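Results of the structural survey
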Amino acid sequence: MKFNTGTSLLDAVVLAVVSAEAEGTYGYKITQDVRTVLDVSESSLYPVLRRLQVGGLLETYDQEFNGRNRRYYKISGQGKSELESYKVDWNTYVAKVNGILGAGR
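Residues numbered from 1 in each chain as written. Predicted model: local features only at pLDDT ≥ 70, side-chain atom pairs only at ≥ 80, totals over all residues. Heavy atoms only, no water.

1. Focus on the pairing of strand β3 (residues 68-75)
- The pairing of strand β1 (residues 25-26) with β3 spans 2 bridges and is classified as antiparallel. The residue of β3 that forms the bridge with Y26 is Y72.
- As paired elements, strand β2 (residues 58-65) and β3 share 8 bridges and run antiparallel to each other. Looking at β3, one finds that L58 is bridged to I75.
- The hairpin turn running from β2 into β3, its antiparallel successor, is 2 residues long, and N66 in that turn takes a positive phi close to 50°. (Pairing = 2+ DSSP bridges. Helix = DSSP H or I, 4+ residues; strand = E, 2+ residues; numbered from the N terminus.)

2. Topic: the nonpolar core
- The biggest cluster of nonpolar side chains holds 21 residues, and the ones touching the most others in it are L10, V14, L15, I30, V34 and L58.
- Of all the elements, helix α1 (residues 7-19) adds the most residues to this core, at 7 residues. (Core = buried A, V, L, I, M, F, W, Y, C linked by side-chain atoms within 4.5 Å. Buried < 20%, exposed > 50% of the residue type's maximum accessible area, 1.4 Å probe, protein only.)

3. Points about the packing of α1 against helix α2 (residues 27-34)
- Contact geometry of α1 with α2 gives a least axis separation of 10 Å together with a crossing angle of 120°. Comparing the axis directions of α1 and α2 gives the class oblique. With respect to the hand of their crossing, α1 and α2 are arranged in right-handed fashion. Contact with α1, carried on its side by L10, V13, V14, V17 and V18, involves I30, D33 and V34 of α2 and no other residues of that element.
- Of the residues that constitute the contact of α1 with α2, the class distribution is 7 nonpolar, no polar and 1 charged. (Axes fitted to C-alpha atoms, helices over the stretch in contact; angles between N-to-C directions. Parallel < 35°, antiparallel > 145°, perpendicular 65-115°, else oblique. Left-handed = near helix turned anticlockwise from the far one by under 90°. Contact = heavy atoms within 4.5 Å. Nonpolar A, V, L, I, M, F, W, Y, C, P; charged D, E, K, R; others polar.)

4. Brief notes about the side chain of T31
- Positionally, T31 belongs in helix α2.
- Take T31: its relative accessible area is 0%, and that puts it in the buried class.
- If we skip the residues at most four places from it in the chain, T31 touches E42 and L45.

5. Quick notes on α1
- The end-to-end C-alpha distance of α1, which contains 13 residues, comes to 18 Å, matching closely the 18 Å that a straight helix rising 1.5 Å per residue would cover.
- Where α1 is concerned, the buried positions are L10, D11, A12, V13, V14, L15, V17 and V18.
- Those residues of α1 hidden inside the fold are in contact with β1, α2, α3 (42-54), β2, β3 and α4 (77-101). (Expected span 1.5 Å × (residues − 1).)

6. Thoughts on the sheet that holds β1
- An order of β1-β3-β2 is seen for the 3 strands of this open sheet, with the pairing classed as antiparallel. Every interior strand has two partners, whereas the edge strands, β1 and β2, have only one.
- Its contacts with the sheet place α1 against β1, β2 and β3, and it is angled at close to 110° to β3.

Printed below as a string of structure tokens:
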């Protein structure tokens, strides 16, 4: 895709991906799911996860998997509110861009 991925869009997509799993999900799966819509590397995604965690939007817990600890990320109440705000902003943005680009013409 030729469009630049800003921080807000990446945050919104990560929050949406994490919110899809009620019990949370782990970093590698988040990366794979985000990559279905955005071109991001695994190494650039982990700082985003940490930033969202520090900001109170994600919670983490560790669980054993195949003899190793795996860190799981789960959306917080504050994260759910932020995601809803992102959705409203995204729909407004898309409508404006479609109005200019003539989507459906």
